[in-house]
Amino acid sequence: MVIRTLTAGDFEIVHAAFLEAFSDYVVPLTPSREQLLEMLTRRGWHPAASVGMFEGERMVAFTLNGVDGDSGYDSGTGVIPSHRRHGLARTMMERSFELLRKHGCTRYVLEVIDSNTRAAELYRGLGFVESRGLQCWTFASDRDAVTFDGPGTTRIAGDIEPPWQNRPASISRAREPHVTLGDERAMAILFPGNGDLPHLAVRRDARRLGLGTQLLHAAAQRAGKPLRIMNVDERDEGIARFLETVGAKKMVRQLEMIRPL
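Participant: Could you give an account of the pairing of strand 9 (residues 196–202), with specific residues and numbers?
Facilitator: Burial runs high along strand 9: 6 of the 7 residues are buried. The pairing of strand 8 (residues 186–191) with strand 9 spans 5 bridges and is antiparallel. Within the sheet, the bridge partner assigned to phenylalanine 191 lies in strand 9 and is aspartate 196. Where strand 8 folds back onto strand 9 in an antiparallel hairpin, the turn is made up of 4 residues, including glycine 195, whose phi is positive at roughly 80°.

Structural data, given as structure tokens:
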């Protein structure tokens, strides 16, 4: 088998390997070509900082890394079922450490579903330390037409730093169009195509006035599908209480882990 860094021209092979590697994941992932490209673009995929293992023309293991400033991010490490239990994931990660250092990264960030204990133990064994828990939610509106006048023009900061894929830099990299809803008191950023809501914030002095609820329902109706509110920091107890109150449902819980490089 051959290990090498990737290029943008490897994307079709990456897509095929990704589908095979994650077909039996805790939450099966079956993105289309365009969906995977969007996900990787938004997460800052840097092919030259990513690595794959090949058996002939077939990719059997990979780590797809994003780079933003001095941070690297694991957008996905996978091994196809027939090649597991041979240490390939560890090999991919160790090679990633080298590549990310060469690209100026001083830390490496990843997320893992907390029930995926085998992967979490691998990462701990490689020096990653849990930094926070992240809860994923879904929300479906049951109201009649709801509007929230005027697009927000200034991003309203949340109480806690957002995770990698919800940061302003990640949103700005997106290929899919997004819309901003709200005003100077409350604001949401929505990707109508897939219902992703990476940002929802209400100014401190405007809370408990129903603005967040109105904005959430307006976003769901604008998308025309249930919202995906991914990777909400568990330390932000206020947003968790709010989401429970409005009827959002918890999905999976993830662990954010960081390793210095």
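Moving on, there is more to tell.
Participant: Could you give me a rundown of the pattern of salt bridges, with the residues and numbers involved?
Facilitator: A full pass over the atoms with the stated rule returns 22 salt bridges. With its nearest N and O atoms 2.5 Å apart, the salt bridge here joins glutamate 20 to arginine 58. Of this pair, glutamate 20 sits in helix 1 (residues 11–21) while arginine 58 sits in strand 3 (residues 58–68), placing them 38 residues apart in sequence. Arginine 241 serves as the salt-bridge partner of glutamate 237, at 3.8 Å between the closest nitrogen and oxygen.

Participant: Outline a nonpolar patch on the surface, supporting the account with residue identities and numerical values.
Facilitator: A surface patch of nonpolar side chains, amounting to about 190 Å² of accessible area, comprises Val26, Val27 and Leu29. A relative accessible area of 43% places valine 26 in the partly exposed class.

Participant: Can you break down the packing of aromatic side chains residue by residue, with the values?
Facilitator: Here the structure, examined in full by the defined rule, presents 10 aromatic pairs. Note on phenylalanine 18 and phenylalanine 22: the rings are 4.6 Å apart at their centroids and 35° apart in plane angle, and the pair reads as tilted. Like phenylalanine 18, the residue phenylalanine 22 is buried in the burial classification. Taken together, a centroid distance of 6.1 Å and an interplanar angle of 25° make the contact between phenylalanine 18 and phenylalanine 62 stacked. Pair noted here: phenylalanine 18 is in helix 1 and phenylalanine 62 is in strand 3, with a separation of 44 residues, a long-range link.

Calculation notes
Starting afresh in each chain, residues are numbered from 1 along the sequence in its written order. Note on the predicted model: pLDDT of at least 70 is required for a residue's local features to be given, and 80 or more for side-chain atom pairs to be given and counted; whole-chain, interface and lining totals, by contrast, use all residues. Side-chain numbers here rest on the full set of heavy atoms in the structure, without hydrogens or water. To sort residues, take the accessible area from a 1.4 Å probe on protein chains only and compare it with the maximum for the residue type: under 20% means buried, over 50% means exposed, and anything in between is partly exposed. Each helix is a run of DSSP H or I of at least 4 residues and each strand a run of E of at least 2, with the numbering of both proceeding from the N terminus. Being paired, for any two strands, means DSSP has found at least two bridges between them. We define a salt bridge as a side-chain nitrogen of Lys or Arg found within 4 Å of a carboxyl oxygen belonging to Asp or Glu. Patch membership is restricted to residues that have no salt bridge and whose relative accessible area is over 30%. Joining uses 9 Å for like charges and 5 Å for the nonpolar side chains Val, Leu, Ile, Met, Phe, Trp and Tyr. The protein chains shown are the only cover counted for residues, whose accessible areas, like all others here, come from Shrake-Rupley with a 1.4 Å probe. Here the aromatic set is Phe, Tyr and Trp, taking the six-membered ring for Trp, and pairing holds for ring centres within 6.5 Å; pairs whose planes are under 30 degrees apart are stacked, those over 60 apart are edge-to-face, and all others are tilted.

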